[in-house]
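The residues making up each chain are set out below.
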Amino acid sequence: MSALLLGIETSCDDTCAAVVTREGEIRSNVISSQGVHDQFGGVVPEIASRHHLELVNAVVDDALRKAGVGLDAVDAVAVTQGPGLVGALLVGVASAKGIAAGRGLPLIAVDHLQGHVAANFLLPDPFDPPFVCLVASGGHTFVARVEDHVSFDVLGATLDDAAGEAFDKGARMLGLPFPGGPQIQRVAAEGDPGAFAFPVATRVPGLDFSFAGLKTSLLYAIRDMGEERAAACRADLAASYQHAIVEALAQRTERALEQTGLTRMAIGGGVAANAALRERLGGLGAELKVPPVELCTDNAAMIAGAARFLPALPAAQALSLDAYSTGQRGL
Ligand code: KG4
Ligand code: ZN
């Protein structure tokens with residue numbers, strides 16, 4: 001039987017565990033979305049941590065059960081070390097440390113953003129470097145050059161909000177529930193993306209992104225037209241707003257391809273689930289790898305998958321691992 005990695009991911013509001021083989025085959029990928037943050041319009045860190053505590057053991061058990069194995073079949077434990085909500089991360093890290101130390105297993109610390117990139121390496125359709133990777137999630141947005149399986153070079157990143165945050169805040173202004181990305185996508189399907197000319201931050205230099213101005217222009221558009229008319233135009237507003245986010249992401253990615261001379265690209269992060277973005281990037285002319293939606297949004301298969309290429313802490317040192325809230329690359 002192939003060596004198995006158990007992955008645990010608790011960086012935000014999804015409690016995730018997965019079993020992945022050393023070759024990158026996903027044996028199970030369990031995601032428990034907490035669903036309790038909708039009423040607050042965003043993730044409440046303290047509530048997220050408490051829910052991770054309640055869910056993590058059951059989610060790990062479920063991942064093992066779905067893979068048809070017990071802990072004795074696991075060779076190494078992988079866990080998201082950061083970046084993310086530190087209280088949320090600590091629950092996953094503590095539980096991974098406990099399993100590793102208790103079972104005498106090596107522990108592999110994984111950067112969450114490396115995980116989003118590494119989702120592209122998984123079977124059944126692995127996409128190997130070199131390529132340009134666009135990662136757009138609720139907390140991060142950047143375009144990177146990926147030359148190997150263990151790291152990436154950031155070419156440009158958002159100067160303010162992440163693309164997912166722009167979706168979430170825009171949805172809130174349009175009276176749509178959290179998380180906003182899938183909601184905007186749904187409502188936008190009935191609307192005209194050319195109805196409103198929302199700004200695409202073309203003046204931002206280099207390969208960086210900015211979404212704060214776009215968010216403000218949606219706010220002003222709704223205020224100027226009044227709530228009643230805004231409600232009647234909701235589909236057009238959503239479609240035009242989504243169009244501006246997609247354009248900003250696609251134009252920067254196109255420039256990254258030009259600058260690097262690379263002709264292959266991949267995507268990751270929750271916003272990579274967006275159908276309009278996938279279609280727009282498909283038209284850039286580069287070879288495009290599109291991971292399944294469940295590997296774009298937060299999951300533990302990408303963490304276990306990334307861990308295949310990373311060094312492990314021996315079991316005896318596992319208890320020394322700590323979480324970090326901000327990225328090591330300044331992201
Ligand atoms: O990667 P992810 O699951 O968690 C973070 O690491 O942040 O990304 C969550 C983000 C949220 O902002 C959510 O609104 C967005 O991804 N998202 C989408 C779609 N599905 C999720 N945005 C646009 N279109 C979607 N279909
Ligand atoms: Zn993420």
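Parameters and conventions
Residues numbered from 1 in each chain as written. Chains lettered and ligands numbered in written order. Predicted model: local features only at pLDDT ≥ 70, side-chain atom pairs only at ≥ 80, totals over all residues. Heavy atoms only, no water. Near = heavy atom within 4 Å. Polar contact = N/O pair within 3.5 Å; in protein donor to acceptor, adjacent residues only side chain to side chain. Areas by Shrake-Rupley, 256 points an atom, 1.4 Å probe, with all protein chains shown as cover. 1 Å grid on protein atoms, 1.4 Å probe; cavity = no way out; pocket = protein on both sides within 12 Å on 5 of 7 lines; lining within 4 Å. Sits in = over half its atoms within 2 Å of the grid points. Helix = DSSP H or I, 4+ residues; strand = E, 2+ residues; numbered from the N terminus. Domains from an automatic or database assignment. Points joined across faces, edges and corners; volume = space filled by probe spheres on them. Nonpolar A, V, L, I, M, F, W, Y, C, P; charged D, E, K, R; others polar. Donors = N, O, S within 2.8 Å, 3.2 Å for Na, K, Ca; no water. Tetrahedral: all angles 85-135°; square planar, octahedral: opposite > 155°, others 65-115°. Buried < 20%, exposed > 50% of the residue type's maximum accessible area, 1.4 Å probe, protein only. Axes fitted to C-alpha atoms, helices over the stretch in contact; angles between N-to-C directions. Parallel < 35°, antiparallel > 145°, perpendicular 65-115°, else oblique. Left-handed = near helix turned anticlockwise from the far one by under 90°. Contact = heavy atoms within 4.5 Å. Pairing = 2+ DSSP bridges.

*Asks:* So what's going on with the site of ligand 1? Which residues, and what values?
*Replies:* Around ligand 1, the structure places 20 residues, and the nearest of them are Gly 138, Asp 168, Gly 181, Gln 185 and Asn 274. Take His 112: an N or O atom from its side chain is 3.4 Å from an oxygen atom of ligand 1. In isolation ligand 1 offers 550 Å² of accessible surface; the protein chains occlude 89% of this area. Of the pockets mapped on this structure, ligand 1 occupies the largest pocket. Listed by contribution, the elements that provide at least two residues to the shell around ligand 1 are helix H3 (112-118), helix H4 (163-173) and helix H5 (180-188). Of the residues forming the shell around ligand 1, the biggest block, four residues, is contributed by H5. When residues of the shell around ligand 1 are assigned to domains, at least three map to each of domain 1 (4-119 + 296-319) and domain 2 (128-290).

*Asks:* So what about empty space enclosed by the protein? Which residues, and what values?
*Replies:* Following the criterion strictly, the structure yields one cavity of 30 Å³ or more and no others. Around the largest cavity, the lining residues are Val 200, Ala 201, Asp 208, Phe 209, Ser 210, Ala 248, Gln 251 and Arg 252. By residue class, the composition of the lining of the largest cavity is four nonpolar, two polar and two charged.

*Asks:* How would you explain the coordination of the zinc ion (ligand 2) if you had to name every residue and give the values?
*Replies:* In this structure, His 112 (NE2), His 116 (NE2) and Asp 298 (OD) serve as the protein donors to the zinc ion (ligand 2), at separations of 2.0 to 2.2 Å. What the four donor atoms of the zinc ion (ligand 2) show is an angle range of 93 to 150 degrees at the metal, which sorts the shape as irregular. One chain supplies every donor to the zinc ion (ligand 2), and in sequence these donors are spaced H-x3-H-x181-D. With a gap of 182 residues between them, His 116 in helix H3 and Asp 298 in the loop between helix H9 (293-296) and helix H10 (301-307) connect regions that are remote in the sequence. Given the relative accessible area of 15%, Asp 298 is considered buried.

*Asks:* If you had to explain the packing of helix H1 (residues 45-67) against helix H2 (residues 86-103) to someone new, which residues and values would you point to?
*Replies:* For the pair H1 and H2, interaxial distance at closest approach is 9 Å and the crossing angle is 30 degrees. In this view, H1 runs roughly parallel relative to H2, as classed from their interaxial angle. Crossing angle aside, the handedness with which H1 passes H2 is right-handed. Here H1 contributes Ser 49, His 52, Leu 53, Val 56 and Val 60 to the contact with H2, which in turn contributes Gly 87, Ala 88, Val 91, Ser 95 and Ile 99. Tallied by class, the residues present in the contact of H1 with H2 amount to six nonpolar, four polar and no charged.

*Asks:* Tell me about the sheet that holds strand S6 (residues 131-136), and please be specific about residues and values.
*Replies:* One key point about sheets: their strands pair by backbone hydrogen bonds, in either a parallel or an antiparallel sense. Reading across from one edge, S8-S7-S6-S9-S10 is the order of the five strands in this open sheet, with mixed pairing throughout. The open sheet is flanked by strand S8 (153-157) and strand S10 (287-289), the only strands paired with a single partner. Averaged over all adjacent pairs, the angle separating strand axes in this sheet is 25 degrees, with direction ignored. The strands touched by helix H7 (residues 234-260) within the sheet are S6, strand S7 (141-146), S8 and strand S9 (264-268), with S6 carrying the most contacts at an inclination of about 155 degrees.

*Asks:* Any details on the pairing of strand S2 (residues 14-21)? Residues and values, ideally.
*Replies:* Of all eight residues that make up S2, eight are buried, and the element is covered over most of its length. Across six bridges, strand S1 (residues 4-9) lies against S2 in antiparallel orientation. Of the residues in S2, the one forming a bridge with Leu 5 is Val 20. Between the antiparallel neighbours S1 and S2 lie four residues. With seven bridges joining them, S2 and strand S3 (residues 26-33) adopt antiparallel strand pairing. Residue Val 19 lies in a different strand from S3, and its bridge partner there is Ser 28. Between S2 and the antiparallel strand that follows it, S3, lie four residues; Gly 24 among them carries a positive phi value of about 100 degrees.

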